[in-house]
Amino acid sequence: MLDLRLAACARFIRPGHKVCDIGTDHAYLPCFLVKNQITRQVIAADVNEKPLSCARAHIREQGFSEQIRTLLSDGLSGIRAEEADDIVIAGMGGELIARIILSCPWAKDPQKHFILQPMTQADFLRRTLARHGFSILKEEPVAENGHFYSVFLCQWTGEAQELDELSALVGKVPQSSSPHRDAYLSFQADRMERIADGLSRSQKQNELAEHYRTLAADIRKLLPKPGKDDIL
């Protein structure tokens, strides 16, 4: 059974395609994909031997040693282009995910799909991807254990762009049909308001505080308007 974050990643995998799971930990996602016949060829990669050893044990326990290959690799450095169609990078900071993708010589291939789940710095990752010609096709927000995340499906299109601050904060979440969509947007709006409240304690930061309050208001405009029943 996958947690909500990995389950969202699994939904973005194209059936029958070769998958590479970077930072695989216990190889829960690769085992799920093989067990549910989504794919029969997966590389479970990690930069450290200890989690990779746990992954091997779990793979053996599930009986999938022939379908899942474990690999000690720093990011995508040990993966060849022909070995992966859908690349999952989940459970890392946005800055590290961006570095892994940008350092991969074959990442700029429109046939490759990247499924990304940043634990932090999602806005940084969205901006960096856009700046380097990667387009986010879809996002699925997830609320789990009091924390909010978003899973990105992206590919290289070569269309570089600069995202404004609002787009970097919410990405494609407003277009998502996820039941966690509104909670994710509300969380981001609340976060901007908390930043504004902190800045407003200093008179010198009033202008910046107002900027964050405006961002919060703009995010709330993306939420559905309450109906009469909600007001009553």
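The notes below deal with the structure included here. Here the structure is a predicted model, which means the values were calculated and not measured.

### Side note on the sheet that holds strand β6 (residues 134-144)
Here is step 1 of the chain: The strand order β3-β2-β1-β4-β5-β7-β6 describes an open sheet built from seven strands, whose pairing is mixed. In this open sheet, the two edge strands, each paired with only one partner strand, are β3 (68-72) and β6. The sheet shows a mean angle of 20° between the axes of neighbouring strands, direction not considered.
Here is step 2 of the chain: With three bridges joining them, strand β5 (residues 113-120) and strand β7 (residues 147-156) adopt antiparallel strand pairing. Across the sheet, isoleucine 115 pairs through a bridge with leucine 153, a residue of β7.
Here is step 3 of the chain: Running over the sheet, helix α3 (residues 49-62) touches β2 (42-46) and β3 and is turned about 170° from β3.
Here is step 4 of the chain: Lying on the sheet, helix α4 (residues 94-102) is in contact with β1 (19-22), β4 (86-93), β5 and β6; it crosses β4 at an angle near 145°.

### A look at the packing of aromatic side chains
Here is step 1 of the chain: Under the defined criterion, the tally for this structure stands at two aromatic pairs.
Here is step 2 of the chain: Aromatic pair phenylalanine 148 and phenylalanine 187: ring centres 4.9 Å apart, planes at 25°, arrangement stacked. One end of the pair, phenylalanine 148, is in strand β7; the other, phenylalanine 187, is in helix α7 (residues 181-199), with 39 residues separating them in the sequence.
Here is step 3 of the chain: Taking NZ or CZ as reference, arginine 5 lies 5.6 Å from the ring centre of tyrosine 149, over its face.

Conventions we followed
Residues numbered from 1 in each chain as written. Predicted model: local features only at pLDDT ≥ 70, side-chain atom pairs only at ≥ 80, totals over all residues. Heavy atoms only, no water. Pairing = 2+ DSSP bridges. Helix = DSSP H or I, 4+ residues; strand = E, 2+ residues; numbered from the N terminus. Axes fitted to C-alpha atoms, helices over the stretch in contact; angles between N-to-C directions. Contact = heavy atoms within 4.5 Å. Phe/Tyr/Trp six-rings, centres within 6.5 Å; stacked < 30°, edge-to-face > 60°. Lys NZ or Arg CZ within 6 Å of the ring centre and 35° of its normal.

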